There are 2 protein chains.
Amino acid sequence: MMASTKYNLDPGLDLILERVIDVPRELVWKAWTTPEYVTKWFTPAPWQTVDCKIDLRPGGLFYTVMRSPEGEDYPNIGCFLEVVENEKLVWTDALQEGYRPADKVGFMTAFLLLEPHGSGTKYTAIAIHPTEAGRKQHEEMGFHEGWGTALDQLVAFVKTLEA
Amino acid sequence: MMASTKYNLDPGLDLILERVIDVPRELVWKAWTTPEYVTKWFTPAPWQTVDCKIDLRPGGLFYTVMRSPEGEDYPNIGCFLEVVENEKLVWTDALQEGYRPADKVGFMTAFLLLEPHGSGTKYTAIAIHPTEAGRKQHEEMGFHEGWGTALDQLVAFVKTLEA
């Protein structure tokens, strides 16, 4: 079943990136869940991820700091909701560590889904938003290009681990 | 270990109700997770709970409608985060069904914790808030009296099931 069907996506509110990549999902999982790896690929250059904290359990903190080319820092505080090793990671910025509600409207909840595909991985990233305006904003920020470029960087990084 | 210690509560942001009640936790769990039971005890009279929907899984909907003595309806949309039968229920209104962020700042995340205590139950309810203002608002709405009175109603209701 396609993830888009299984997750009953709403095209007005949700965004999805699906791609088959030629690296094994165990390494994709490591790239996503190891803080010092995340800083290597997470933000499309010339943006950088300059800090990352991961407490890999439901309710645990997912914290990143993105630095713009101009040197401005943008911290992102999120909370993991589901953690299934090598398969599924779900998190949201509507909650902080320990499931505490954020002091702002959540921008999104994100699903990362990894399925084996030959010697590679079927990679699915889904972002669900509270409103159509939120979905549009994310699309205009460059969801597909941004998450796609980050994925290219992830694949290139993972290949340095394999080598 | 006290729940207040285990959950590392912040007195500025969090509220807790702890009580030992003389009904078994399996029935307390049923009273909390069966929609037609929830409507029997959930809101301190003369308020009523006139509708309830429960999809008992992480990401599932927790929906209630409270009716004021004047006949005004107040719907509450929430999402379950953790479901451990007879032990632990966690939900938040910062998210809607399927973990979608709500289109408003979350009021709270709530933890219901049930431990066996002789033939009864050690009952703990925790509400964590995004800000001190949120905690104060909940306190002034009558957290302790409200949740306490609802618990009295729950115990009385459960005893009708046992009889």
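Up top is the structure.
Note that the structure is predicted; figures quoted are calculated from it, not measured.

> Teacher, can you tell me more about the environment of Ala-133 of chain B here?
Tracing the backbone through its elements, the reader meets Ala-133 of chain B in helix H4 (residues 132–140). The sequence separation of Ala-133 of chain B and Gly-12 of chain B amounts to 121 residues, and the corresponding C-alpha distance is 9.1 Å.

> Sorry, what's going on with the environment of Trp-32 of chain B here?
Tracing the backbone shows Trp-32 of chain B in helix H2 (residues 25–33). With residues up to four places along the chain from it excluded, the contact list for Trp-32 of chain B reads Val-38, Leu-89 and Leu-112 of chain B.

> Would you mind showing me how to read the interface of chain B and chain A here?
A common way to express how large an interface is: the accessible area buried when the components associate. Every contact between the two is made by 21 residues of chain B and, on the other side, 21 residues of chain A. For the side of chain B that touches chain A, the secondary structure elements donating two or more residues are strand S4 (73–84) and strand S5 (88–92) of chain B. Partitioned by chemical class, the residues of the side of chain B that touches chain A number twelve nonpolar, five polar and four charged.

> Looking at this structure, I do not really get unusual backbone geometry. What am I missing?
Excluding glycine, residues mostly carry a negative phi; peptide bonds, for their part, are mostly trans. Following Ala-45 of chain A, the chain continues to Pro-46 of chain A via a peptide bond in cis, the omega torsion being 10 degrees. On the secondary structure map, Pro-46 of chain A appears in the loop between helix H3 (35–41) and strand S2 (48–54). Even without being a glycine, Asn-86 of chain A presents a positive backbone phi close to 70 degrees. Taking the C-beta count within 10 Å as the criterion, Asn-86 of chain A has 17 such neighbours and is therefore assigned partly exposed. At Tyr-99 of chain B, a position not held by glycine, the phi torsion is positive, near 70 degrees. Within the secondary structure layout, Tyr-99 of chain B lies in the loop between S5 and strand S6 (109–117).

> Would you mind going over the pairing of strand S2 (residues 48–54) of chain B with me for this structure?
On any regular strand, side chains alternate: one points to one face of the sheet, the next to the other face. Across six bridges, the pairing between S2 of chain B and strand S3 (residues 61–67) of chain B is antiparallel. Paired with Lys-53 of chain B across the two strands is Tyr-63 of chain B, which belongs to S3 of chain B.

> It is not clear to me how the sheet that holds strand S4 (residues 73–84) of chain A should be interpreted in this structure. Could you clarify?
Strands pair in a sheet through their backbones, by hydrogen bonds, and they do so in one of two ways: parallel or antiparallel. Residue and element names in this part refer to chain A. Strand order in the open sheet formed by seven strands is S1-S7-S6-S5-S4-S3-S2, and the pairing between neighbours is antiparallel. Of all strands in the sheet, those bounded by a partner on one side alone are strand S1 (14–21) and S2. Across the sheet, the mean angle from the axis of one strand to that of its neighbour is 20 degrees, orientation sign disregarded. As paired strands, strand S3 (residues 61–67) and S4 are joined by seven bridges and run antiparallel to one another. If you follow Tyr-63 over to S4, its bridge partner there is Ile-77. The sheet strands contacting helix H2 (residues 25–33) are S2, strand S5 (88–92), strand S6 (109–117) and strand S7 (120–128), and the helix crosses S6 at an angle near 155 degrees.

> What am I meant to see in the relation of the copies chain B and chain A here?
A rotation about some axis, followed by a shift along it, carries one copy of the chain onto the other. The transform that puts chain B on chain A rotates by 180 degrees and translates by 0.0 Å along the axis, for an RMSD of 0.0 Å. This pairing of chains is accounted for by a two-fold axis. Closest to the rotation axis within chain B is the C-alpha of Val-105 of chain B, separated from it by 2.3 Å. A high fraction, 100%, of the interface residues of chain B reappear at the interface in chain A, so the copies pair face to face through one surface.

Scoring rules and cut-offs
Residues numbered from 1 in each chain as written. Chains lettered and ligands numbered in written order. Predicted model: local features only at pLDDT ≥ 70, side-chain atom pairs only at ≥ 80, totals over all residues. Helix = DSSP H or I, 4+ residues; strand = E, 2+ residues; numbered from the N terminus. Contact = placed C-beta atoms within 7 Å. Nonpolar A, V, L, I, M, F, W, Y, C, P; charged D, E, K, R; others polar. Buried ≥ 20, exposed ≤ 12 C-beta atoms within 10 Å, placed from the backbone. Pairing = 2+ DSSP bridges. Axes fitted to C-alpha atoms, helices over the stretch in contact; angles between N-to-C directions. Least-squares fit on C-alpha atoms with pLDDT ≥ 70 in both.

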